[in-house]
Structures are given as C-alpha cells and as structure tokens.
Amino acid sequence: MPPLKVCIVGSGNWGSAIAKIIGGNVRKSNRFNPIVNLWVFEELINGRKLTEIINEDHENVKYLPGHKLPKNVVAVPEVVEAATGADILVFVLPHQFISRVCGQLVGHVKSGAFGISLIKGVDEGPDGLKLISDIIREKLGIEVSVLMGANIASEVADEKFCETTIGCTNKQHGAIFKDLMQTPNFRITVVEDCDTVELCGALKNIVAVGAGFCDGLGFGDNTKAAVIRLGLMEMVAFAKLFCKGEVTTATFLESCGVADLITTCYGGRNRKVAEAFAKTGKSIEELEKAMLNGQKLQGPQASAEVYKILKQKNLSEKFPLFIAVYKICYEGTPVKEFISCLQNHPEHL
Ligand SMILES: NC(=O)c1ccc[n+]([C@@H]2O[C@H](COP(=O)([O-])OP(=O)(O)OC[C@H]3O[C@@H](n4cnc5c(N)ncnc54)[C@H](O)[C@@H]3O)[C@@H](O)[C@H]2O)c1
C-alpha cells in the first residue's frame, strides 16, 4: 500500500500542537508520506505572511509561540491545494469555520480519503443540534472519526504526559489514527462510541463556563467540584437523549469525559473568560477579543445550541446548569444567580 498522505486542516493553538506530533510521527513510520500539509488561514504578522514564517522559521509565532514545528510540516495558504491528494484529513479549526471550509473542499477530496475531527463544538441543524463530524461527513461524503481528551494544546506541545480518546466507527481507521498521533507522552485509547466522545468535547466547555463563573464569584473548591459533578451528570443525560447510537457510560470515564472536564474547569480559555466576565461585567465578545489573541471561545455558543434543543423538547428543567450558563451569557441573567440556578437541581430532588 502506498504511504498515506496527511493534511491538517487548521493551524491554531491545537492545530499547531498536533502538527508537531504528526510531523514527528510520519517521519518514523513508512505507513505515512513524510510530508504533511498544514492549511493555514493566512494572516500578516508584523508585515510577514504566517505561512512564510512557518515554512522559513518553522514556528507558528501567533498561535503556538516558542515551539518549533518539524520541517516536514509544510504550511499552505489555500485549503484546496493543501488537501488535494491527501488520504487522511485532520480537521482542527474553530467550529464556526467548518461549514465554509468543507464547502471549499467539495469535489477536491481524494476518493477513499477519510478524516478525523479534533474540533470541540456543536452546530445548529434543522432538528436542533448538529455534530461537527456530521457536517464533515455530509459535505464531503467521507468517514470521520473524532479525537477528544484532556489536552490543553500548550501542555501537549511541551510534551507533558496526557491521555486522549479516539472515537471511531471503523476499527481500521482507529488503528491508523493511533499510529499517526500516539507518542510516549500522548497516550490514546480507541473506543467505538464516536458520538458520545464528540459530545463530551462540546458539552464540557459549557460546564467550564460555569466553573469560571464560580471562580469569578469567589466560591471555593467544593463548589467547583459540585459544578463539575452536576455538569457531568447533565453531559451523560444529554448524550443519552441526543446520540443516535448506544451511549456507554464507561466512555465518560475515558480522557474525553471526566478528565477533559476537570482540566477544562481548572485551566482552559472558557473558564478564564467566564471568570473575567463574572469579575468585570464586560461582555463575552469583548473579553474574547481582549483576552484570547484571535483564539475562539466554544462554551457560550455550545450553550446556545444546547438551549435551543432543550427548549424545543421541553426539557430545560432537567438541565439547570446548561440553561443557567446560556441565560447568563445571552439573556442578561445576573451571574451571581448562577448557584441559585443549581440549588434545585434534579440530582438533589
Ligand atoms: N487549544 C486547545 O488547547 C485545544 C485543545 C483541544 C481541542 N481544541 C479544539 O480544537 C479546535 C481548534 O482550536 P485551536 O486552539 O487550534 O484554534 P485557535 O482558537 O487557537 O485559533 C483560531 C484559528 O482560526 C483561524 N481562523 C481565524 N479566522 C478564520 C476564518 N475566517 N476562517 C478560517 N479560519 C480562521 C486562525 O487562523 C487560527 O488558526 C477547537 O474546536 C478547539 O475546541 C483546542
């Protein structure tokens, strides 16, 4: 079998960290083509194109400063050119851009190609919530696995030990992705509960916003632990309601479940911005611009998608944490009411 050619679609903080891993791994295995294309949304940094900086200095100075990317990772500014001829597409960009980018790729994906989504978020569909992997499947007609876990990009890039979870519907693809991305410090478990893995990645960001509110309001560790636990219960209940396939509770014990939830509620941008929101009263959009240097938030938007589907199904009362996050972010509910929204949680009745 000819070596598999890889294209990474997206080059933000996580895209660049995973490019470091993939670039290193393809060189060590003859299963893969040693050149990896990295699609970069072009921007000028101090008058120089970001693609030029990456290809000449081998560093994404805007989104992952301080880390060298392997020289076999080649930045390409046109997404169609980057993906042409690729057997494996790794999707890793903020979810708000996925539809447009996939639209550009229609008709340009190699026959037999398959993908994996590292994107944490959900979108809106005609019947409510839509998984990002479903958008990619529908637009491009390819099989799509997902990778989610407790993986703050800068720590992964620093090669600090962590775990992650791949959810796949095709075991052969699962094994290939593990080969492509596993390292001694990035350990991968493969499960087949693909939709559950993906939903965990989106829903935990909503819980992290709640955790950030608690930090901003001056609550302690007990409160945060309660928010994490109640959030996890809502994640499980929501997955059972929403997933088409079977939802295995054990999947929530994988890195994509409880581990990612903990790391996101302590580190992570959603928690950080939510804490500032509670402390300053500035809007989420204002804080996102001021604090994240071009990076995007996912938690508030995910809460809006979840709110719509829960309202439509008349189930809001069963998910007070998700609903409180939405109402505080978008409907002007005072942030100090966050805890009171949880005091009559169905878990306590
Ligand atoms: N950063 C992390 O620690 C981390 C960890 C795990 C998963 N993720 C997930 O990975 C996904 C990608 O996040 P990230 O951290 O790599 O991105 P990011 O938020 O760091 O960067 C934003 C990216 O979007 C690009 N961009 C800006 N405007 C654009 C446009 N109009 N069209 C297309 N692209 C545009 C930028 O060039 C940049 O590459 C997200 O779903 C995130 O939840 C992130």
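Values in this document were obtained by computation on a predicted structure and should not be read as measured data.

Participant: What exactly am I supposed to notice about helix α8 (residues 194-217) here?
Facilitator: Residues spaced three or four apart along an α-helix face the same direction, because each turn holds 3.6 residues. With 24 residues, α8 should reach 34 Å at 1.5 Å per residue; the first-to-last C-alpha distance of 36 Å fits that figure. A maximum bend of about 25° is found in α8 at Gly201. Most of α8 is tucked away: 22 of the 24 residues are buried. Note on α8: the residue one or two positions beyond its end, Gly218, has a positive phi of about 85°.

Participant: Mind showing me how you'd approach the packing of α8 against helix α10 (residues 255-266) here?
Facilitator: Between two packed helices, what matters for the description is the angle formed by their axes and the separation of those axes. It is at 8 Å that the axes of α8 and α10 come closest, and there the two elements cross at 30°. Between α8 and α10, the interaxial angle falls into the category roughly parallel. Judged by the twist between their axes, the crossing of α8 over α10 is right-handed. Taken together, the residues of α10 that come into contact with α8 (itself represented by Val197, Cys200, Lys204, Asn205, Val207, Ala208, Ala211 and Asp215) are Cys256, Gly257, Asp260, Leu261, Thr264 and Cys265. Partitioned by chemical class, the residues of the contact of α8 with α10 number eight nonpolar, three polar and three charged.

Participant: Hey, could you run me through the environment of Gln172 in this one?
Facilitator: Structurally, the position occupied by Gln172 is in helix α7 (residues 171-181). Once the C-alpha coordinates of Gln172 and Lys240 are considered, the two residues, 68 residues apart in sequence, prove to be 26 Å apart.

Participant: Even after reading the chapter, I still don't get the sheet that holds strand β10 (residues 144-148), so can you show me in this structure?
Facilitator: Across the sheet, which stays open at both edges, the eight strands sit in the order β5-β2-β1-β6-β7-β10-β11-β12 with mixed pairing between neighbours. Because the sheet does not close on itself, it has two edges, and the strands there are β5 (73-76) and β12 (186-191). The mean angle between the axes of side-by-side strands here comes to 25°, regardless of whether they run parallel or antiparallel. By the bridge criterion, five bridges tie strand β1 (residues 4-9) to strand β2 (residues 32-39) in an arrangement that is parallel. What sits directly across from Val6, in β2, is Val36.

Participant: How should the site of the ligand be read in this particular structure?
Facilitator: Surveying the vicinity of the ligand reveals 25 residues, the closest of which are Trp14, Arg100, Lys120, Ala153 and Arg269. Within the backbone of Trp14, a nitrogen or oxygen atom sits 2.9 Å from an oxygen atom of the ligand. In the environment of the ligand, an oxygen atom lies 3.3 Å from a nitrogen or oxygen atom belonging to the side chain of Glu43. Within the complex, 91% of the 840 Å² of free accessible area of the ligand lies under protein. In terms of residue count, helix α1 (residues 13-28) provides more of the shell around the ligand than any other element does, three residues in total.

Participant: What is the right way to look at helix α11 (residues 269-280) in this model?
Facilitator: For α11, with 12 residues, the first-to-last C-alpha span of 16 Å sits near the 16 Å given by 1.5 Å per residue. Asn270, Arg271, Val273, Ala274, Glu275, Ala276, Phe277 and Ala278 are the residues of α11 that are buried. Considering only its buried residues, α11 is in contact with α8, α9 (221-242), α10, α12 (284-292), α13 (299-312) and α14 (320-330). Directly beyond the C-terminal end of α11, a positive phi value near 75° is found at Gly281.

Participant: What should I look at first to understand the side chain of Thr51 in this one?
Facilitator: Checked against the element boundaries, Thr51 lands in helix α2 (residues 50-57). Taking relative accessible area as the criterion, Thr51 reaches 6% and is therefore assigned buried. Separated by 2.5 Å, the side chains of Thr51 and Glu42 make a polar contact. If sequence neighbours within four positions are ignored, Thr51 has contacts with Val40, Glu42, Ala75, Val76 and Pro77.

Participant: Help me out: how do you make sense of the UniProt feature "binding site: NAD(+)" (unreviewed entry) in the protein in this one?
Facilitator: Residues annotated in UniProt with the feature "binding site: NAD(+)" (unreviewed entry) correspond here to Gly10, Ser11, Gly12, Asn13, Trp14, Gly15, Phe41, Phe97, Ala153, Arg269, Lys296 and Gln298. Within the element layout of this structure, Asn13 appears in helix α1. The class for Asn13 is buried, based on a relative accessible area of 16%. Those residues in contact with Asn13 that lie beyond four places of it in its chain are Tyr63, Leu64, Ala153, Ser154, Arg269 and Gln295. Within the structure, the side chain of Asn13 is placed 2.8 Å from the backbone oxygen of Tyr63, a separation counted as a polar contact. For Gly15, the location among the structural elements is in helix α1. Judged by relative accessible area, which is 1%, Gly15 ranks as buried.

Reading guide: rules and limits
Residues numbered from 1 in each chain as written. Predicted model: local features only at pLDDT ≥ 70, side-chain atom pairs only at ≥ 80, totals over all residues. Heavy atoms only, no water. Helix = DSSP H or I, 4+ residues; strand = E, 2+ residues; numbered from the N terminus. Expected span 1.5 Å × (residues − 1). Bend = angle between axes of the 7 residues up to and from the residue. Buried < 20%, exposed > 50% of the residue type's maximum accessible area, 1.4 Å probe, protein only. Axes fitted to C-alpha atoms, helices over the stretch in contact; angles between N-to-C directions. Parallel < 35°, antiparallel > 145°, perpendicular 65-115°, else oblique. Left-handed = near helix turned anticlockwise from the far one by under 90°. Contact = heavy atoms within 4.5 Å. Nonpolar A, V, L, I, M, F, W, Y, C, P; charged D, E, K, R; others polar. Pairing = 2+ DSSP bridges. Near = heavy atom within 4 Å. Polar contact = N/O pair within 3.5 Å; in protein donor to acceptor, adjacent residues only side chain to side chain. Areas by Shrake-Rupley, 256 points an atom, 1.4 Å probe, with all protein chains shown as cover. UniProt positions renumbered as here; feature names shortened; annotations may be inferred.

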